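Reading the structure
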Amino acid sequence: MSQPNQNSPFCKIFPTLLSALFLFTILASSPKTLFAQDAETSVIDSTLENLVPIPARPANVKAKDHVYDIGEKVDVSWELSPDDTTGLRNVVGYIISRRLDTASDFDSVGAVFSRIASLTDIGLTKGESYQYAVTAYTSAGAVSETSVSNSVTTEQEWFDGDKFWQVLLLVIIAGSVAYFIYHAKKGKPMFLRKIAGLQAVEEAIGRATEMGRPILFIPGIHDMDDVQTIAGMTILAKVAKQVAEYESRIFVPTRASLAMTAARETVREAYMTAGRIDAYRSDDIYYVTDEQFGYVAAVNGIMTRDKPATCFYLGAFFAESLILAETGNSIGAIQIAGTAMPAQLPFFVAACDYTLIGEELFAASAYLSEDPKQMGSLKGQDVGKVVAMAAILIGAVLATLGSEEGMNIETFNSAFHAFWGVFGGGE
Amino acid sequence: MPDASPIGIFIAGLLTLGIFSFLYKDNPVYKVCEAIFIGVSAAYWAVEYFYSALYRKFWLGVFPPAGSGVEADLLLWGGAILGALMLCRMIPKINWLSRWPLAFIVGATAGLYMMLFFVSNAMKQIESTMQPLIQDSLLETLGSFTIAIGTITGLIYFFFSKEHKGIFGGAAKVGIWVLMVTFGASFGYTVMSRMSLLIGRMDFLFNSWATNFGQMF
């Protein structure tokens, strides 16, 4: 193998060339801004400007009040620097600064990568006027001249136009609910399918009466600001009315004080409707404690000592669901549960005789009362389910036809994204 | 259990064993532990609500300390009046006034949560279900079909205004099967997390409590 000639002209010049290239690299990677602007260094600066290419500034900076907000956002847009995607191609990003109209200095509010020509500035004060400045910068630290926007005043809008589709869909479903309620009130018969758990309610109360044992009703462990607790109270009204008619007894221990008040009102009203107000005992509906497992310990104690023949668990439940249902099971009570908490439903399904799954809990009051208004409402909600099923089918077909894995047809891809956006997709 | 005194650990261990004794049957020890648990927690929450709601939220809100620079929030008086109306329950002649705050809570809850639930429980669910049925692999394609069919048949099960008969009934049956399989998986998953809670309590008994017990006696 031959060795290179150490005395060749190339070997003598090469180290010098390397040193020059190294110096150039060092200078090029030092930000222009690091150098002082005094007289002594101005010579170096002017040299650097020749070595570090300064990008052209972004043009046409516009500031616009963000639509559909509460007056806290401004949309800033600009034209990319000519050295971004073309020209020197050395722009790596843009720095966006802001100032109040009355102020003199700009403060940086953010930066974006190259090829991005917009930014939404958030956290502003309603009714204030702002100006924006945009500067392009390079990886070498060189910055362009600054372009300043027009002045913009933030405004609050009354309506959020981004929620248009939500409102429209809600109006369709609420409209169908109103339509069916109207027809139900006119006397049009409304069909409701059988729900096994609810058909067993009367039988369960009758059994407790025959056995001379009380009924236990747990309206969940949440307060009255949970729709499941409200649904539980609605069913409690029907159960309590039947209990009053059968001259049986009902215990309602609650975890929330407000739920206790609501339960007392509900049961009292039910006893009055049944014409048995004399049999109403407010002491049977009582607050225990806000502590979740303290409450569970108390209810377990009630179950084992009073031995209710029927236990209702209708409302929002958490980890206590299986503890309650297992204890109820151990005393041989008929148990009817219902909740919309997906994680607790398996425990109720496993340990109770009947379980109202999710929406069945909300449908229960209509089913039990046979009130035309509630039945019409239920039928109207079924229209909502048809809308949901149709939307899923249309969306899945469009996505299949438009996706790369599927047919990859661009028109369907665009149609899918437009349709998907109606339901909040891509936000 | 950091910073717990030896006596505190000792009592906590005894109370844990007392509550566990319910696994055998209801007994006087359990009754005592239950009464302590309920009494202490009820008192704790009463004090907590007094300080957090009445004092920190209401009192300091409407009468902020001088020099704090905080303005009085007059809206809090609305809550205070509603709260005071609840106390009217104790006066038979005007106990009907206590229904107003209840009506306010129920009505406000329904109104406030309507859009929230509609978006999170309906629109977002629909959006997430709109997936291409054909995916890169056979397994993913099977997953996409399962999600679409499971969701639609699940919705059919929750139809209340139509009898579950014929094809509709068959679809509803598929829907309830999908739900039950989901519940089974969820059951196993949750049981495992409960086991970790039990292990944590056993760890306390066998390590912190037993060690402490040995040192005390």
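Now for a quick tour of the structure.

This part is about the pattern of salt bridges. Side chains bearing opposite charge may pair, as long as their charged atoms lie close to each other. Applying the stated criterion to the full structure yields 16 salt bridges over all chains. Here Asp 26 of chain B and Arg 305 of chain A are joined by a salt bridge, their closest N and O atoms 2.9 Å apart. Of the two residues, Asp 26 of chain B sits in the loop between helix H1 (6-20) and helix H2 (28-62) while Arg 305 of chain A sits in helix H7 (residues 292-306), which places them in two different chains. Judged by its relative accessible area of 36%, Arg 305 of chain A falls in the partly exposed class. The partner of Asp 382 of chain A in a salt bridge is Lys 385 of chain A, and the shortest N-O contact between them spans 2.9 Å. In this pair, Asp 382 of chain A and Lys 385 of chain A both sit in helix H11 (residues 372-402), three residues apart, roughly one turn of the helix. Looking at Asp 382 of chain A, the relative accessible area reads 2%, which means it is buried.

Structurally, Thr 153 of chain B is set in helix H5 (residues 138-157). If near-sequence neighbours (up to four positions away) are discounted, Thr 153 of chain B is found in contact with Ala 171, Ala 172, Val 174, Gly 175 and Val 178 of chain B.

All names here are of chain A. Taken together, the four bridges between strand E13 (residues 334-339) and strand E14 (residues 354-357) define a ladder with parallel strand orientation. Within E14, the residue paired with Thr 339 across the bridge is Ile 357. Each parallel crossover has a hand, and for E13 linked through helix H9 (residues 345-351) to E14 it is right-handed.

With that out of the way, let us pick up H5 of chain B. Between its first and last C-alpha, H5 of chain B extends 28 Å over 20 residues, near the 28 Å set by a 1.5 Å rise per residue. Residues Thr 141, Ser 144, Ala 148, Gly 150, Ile 152, Thr 153, Gly 154, Leu 155, Ile 156 and Tyr 157 of chain B constitute the buried set of H5 of chain B. Tucked into the core, H5 of chain B has its buried residues touching E14, helix H10 (359-369) and H11 of chain A together with helix H4 (99-129) and helix H6 (166-216) of chain B.

Another aspect to go through is the sheet that holds strand E5 (residues 118-121) of chain A. Across a sheet, strands are paired by hydrogen bonds formed along the backbone, either parallel or antiparallel in direction. All names here are of chain A. The three strands are arranged E1-E2-E5 in an open sheet whose pairing can be described as antiparallel. Each end of this open sheet is capped by a strand with a single partner; those strands are strand E1 (59-65) and E5. The mean inter-strand angle of the sheet, taken between neighbouring strand axes irrespective of direction, is 15°. Alignment of E1 against strand E2 (residues 74-79), held across five bridges, turns out to be antiparallel. Across the sheet, Ala 63 pairs through a bridge with Val 76, a residue of E2.

Quick notes on the rules
Residues numbered from 1 in each chain as written. Chains lettered and ligands numbered in written order. Predicted model: local features only at pLDDT ≥ 70, side-chain atom pairs only at ≥ 80, totals over all residues. Heavy atoms only, no water. Salt bridge = Lys/Arg side-chain N within 4 Å of Asp/Glu carboxyl O. Helix = DSSP H or I, 4+ residues; strand = E, 2+ residues; numbered from the N terminus. Buried < 20%, exposed > 50% of the residue type's maximum accessible area, 1.4 Å probe, protein only. Contact = heavy atoms within 4.5 Å. Pairing = 2+ DSSP bridges. Right-handed = clockwise from strand over helix to strand, strands pointing away. Expected span 1.5 Å × (residues − 1). Axes fitted to C-alpha atoms, helices over the stretch in contact; angles between N-to-C directions.

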